[in-house]
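# Architecture and fold: a report
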Number of protein chains: 2
Amino acid sequence: MPYRSFDQNCSIARSLEVVGERWTILILRDISIGFHRFEEIQRNLGIATNVLADRLATLVEHGVVRKVPTDRPDRFEYRFTRKGATLSPVIAALMHWGDTWESPNGAPRVIVHTACGHETHPVSTCAHCGEVLEPNEIKTAPGPGATAEEIALGVRP
Amino acid sequence: MPYRSFDQNCSIARSLEVVGERWTILILRDISIGFHRFEEIQRNLGIATNVLADRLATLVEHGVVRKVPTDRPDRFEYRFTRKGATLSPVIAALMHWGDTWESPNGAPRVIVHTACGHETHPVSTCAHCGEVLEPNEIKTAPGPGATAEEIALGVRP
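Just so it is clear, the model here is predicted, and its values are computed rather than measured.

Criteria and cut-off values
- Residues numbered from 1 in each chain as written.
- Chains lettered and ligands numbered in written order.
- Predicted model: local features only at pLDDT ≥ 70, side-chain atom pairs only at ≥ 80, totals over all residues.
- Contact = placed C-beta atoms within 7 Å.
- Helix = DSSP H or I, 4+ residues; strand = E, 2+ residues; numbered from the N terminus.
- Nonpolar A, V, L, I, M, F, W, Y, C, P; charged D, E, K, R; others polar.
- Pairing = 2+ DSSP bridges.
- Axes fitted to C-alpha atoms, helices over the stretch in contact; angles between N-to-C directions.
- Parallel < 35°, antiparallel > 145°, perpendicular 65-115°, else oblique.
- Domains from an automatic or database assignment.
- Least-squares fit on C-alpha atoms with pLDDT ≥ 70 in both.
- Expected span 1.5 Å × (residues − 1).
- Buried ≥ 20, exposed ≤ 12 C-beta atoms within 10 Å, placed from the backbone.
- Arc of directions from axis to C-beta.

## Regarding the interface of chain B and chain A
Taken together, the contact pairs 76 residues of chain B with 76 residues of chain A. Element by element, the count of residues in the side of chain B that touches chain A is highest for helix 6 (residues 88-101) of chain B, at 13 residues. The residue inventory of the side of chain B that touches chain A, partitioned by class, reads 41 nonpolar, 23 polar and 12 charged. Where strand 6 (residues 138-142) of chain A meets strand 3 (residues 109-113) of chain B, 5 bridges bridge the pair, whose relative direction is antiparallel. The partner of Pro142 of chain A across the bridge, within strand 3 of chain B, is Arg109 of chain B.

Here's what the structure looks like:
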């Protein structure tokens with residue numbers, strides 16, 4: 001890799017270490033829509049096999065996907081772990097943003113919420129009060145994992 | 001760039017064309033927590049100035065951030081447009097995933113919902129019924145922007 005890793009005490013940076021490499025999110029998208037074998041994903045994305053092998057190895061190493069045996073001993077499938085499944089809000093949010101701002105001919109795909117049966121899109125809400133988390137109504141502050149220096153700096157304006 | 005662009009009829013791929021390059025999400029994070037000048041962002045991230053200039057140019061070109069004049073004619077600030085502000089759910093979801101799975105010493109930063117006054121994290125909910133969008137209760141289907149071929153393929157298992 002031409003760049004050094006993100007060396008920050010930051011959960012966004014740590015997430016990007018796992019899923020921030022080029023192609024990785026699209027590989028996860030493919031697994032989520034039903035492509036589970038290396039050849040299927042490779043064909044659908046049209047990426048180099050060494051790049052796909054590298055990205056899948058990173059995802060397996062970090063416990064995001066696991067290799068599952070099939071009936072054929074020489075063949076296995078990539079399936080989400082629970083950790084991988086919980087990336088769903090990230091992928092759905094990226095999709096909704098692209099639908100809203102970058103797809104002038106309409107959404108290429110829509111999300112269906114099988115629990116209620118309707119087409120939908122994700123709405124990011126507050127775990128405490130349940131209201132929509134409007135971008136201008138959130139701020140951040142040092143958390144339990146902050147360094148002493150970060151606590152001293154506190155919240156920037 | 002060593003890789004070709006994502007050439008897909010997919011809103012996730014289109015979002016990644018704008019915000020999927022290495023460092024871009026961390027630049028957006030810095031703007032969101034109050035770093036608005038080139039030098040501030042560069043110093044905080046410790047990245048090469050040419051990389052930062054390239055990423056900011058892409059964000060300005062796509063209308064995600066805008067350059068705002070300041071009192072000093074030789075100095076301006078980078079601020080979110082509405083399009084940029086609506087990336088908040090993506091960034092918050094990445095942060096929450098990293099807090100959950102990649103930060104064993106606790107969250108380095110916490111989100112405060114200023115509307116209700118409590119520490120919180122984002123919950124991805126259904127725009128139709130308001131319930132939590134559980135990963136195993138969503139599927140995707142061709143949308144209005146699907147190609148004829150994609151409509152013919154329909155939903156994969």
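Now that the structure has been shown, the text picks up again.
## Digging into the sheet that holds strand 3 (residues 109-113) of chain A
Strands pair in a sheet through their backbones, by hydrogen bonds, and they do so in one of two ways: parallel or antiparallel. With antiparallel pairing, the 3 strands of this open sheet are ordered in space as 4(A)-3(A)-6(B). Looking at the sheet topology across the chains shown, the edges are occupied by strand 4 (118-120) of chain A together with strand 6 (138-142) of chain B. If you compare each strand with its neighbour and ignore which way they point, the axes differ by 45° on average.

## Regarding the packing of helix 1 (residues 11-19) of chain A against helix 2 (residues 24-32) of chain B
Where helix 1 of chain A meets helix 2 of chain B, the axes come as close as 10 Å, and the angle between the chain directions of the two elements is 170°. It follows that helix 1 of chain A is roughly antiparallel to helix 2 of chain B by the angle criterion. Residues Ile12, Ala13 and Leu16 of chain A of helix 1 of chain A form the contact with helix 2 of chain B, whose participating residues are Ile25, Leu26 and Arg29 of chain B. Residues belonging to the contact of helix 1 of chain A with helix 2 of chain B are distributed by class as follows: 5 nonpolar, no polar and 1 charged.

## Regarding the domain arrangement of chain A
Parsing chain A into structural domains produces domain 1 (11-85) and domain 2 (88-137). With centres defined by C-alpha atoms, the gap from domain 1 of chain A to domain 2 of chain A works out at 23 Å.

## Quick word on the sheet that holds strand 3 of chain B
Taken in spatial order, the 3 strands make up an open sheet running 6(A)-3(B)-4(B), and their pairing is antiparallel. Looking at strand neighbours, the two that pair on one side only are strand 6 of chain A together with strand 4 (118-120) of chain B, the edges of this open sheet. On average, each strand axis in the sheet is inclined to that of its neighbour by 45°, with strand direction left out of account.

## Re the relation of the copies chain B and chain A
Of the transformation placing chain B onto chain A, the axial shift is 0.0 Å and the rotation is 180°, giving an RMSD of 0.0 Å. Expressed as an axis order, the relation between the two copies is that of a two-fold axis. Nearest to the rotation axis, the C-alpha of Ser124 of chain B is located 2.4 Å from it, this being the minimum over chain B. A high fraction, 100%, of the interface residues of chain B reappear at the interface in chain A, so the copies pair face to face through one surface.

## A closer look at helix 4 (residues 49-61) of chain B
Residue and element names in this part refer to chain B. Over its 13 residues, helix 4 runs 18 Å from end to end, which matches the ideal 18 Å to within 8%, given 1.5 Å per residue. Of the residues making up helix 4, those classed as buried are Arg55, Leu56 and Leu59. On an axial view of helix 4, the arc spanned by its buried residues comes to 100°, and they lie on one face. Exposed side of helix 4, more than 90 degrees from the buried face: Asn50, Ala53, Ala57 and Glu61 are the residues found there. Contacts made by the buried residues of helix 4 are with helix 2, strand 1 (65-69) and strand 2 (76-80).

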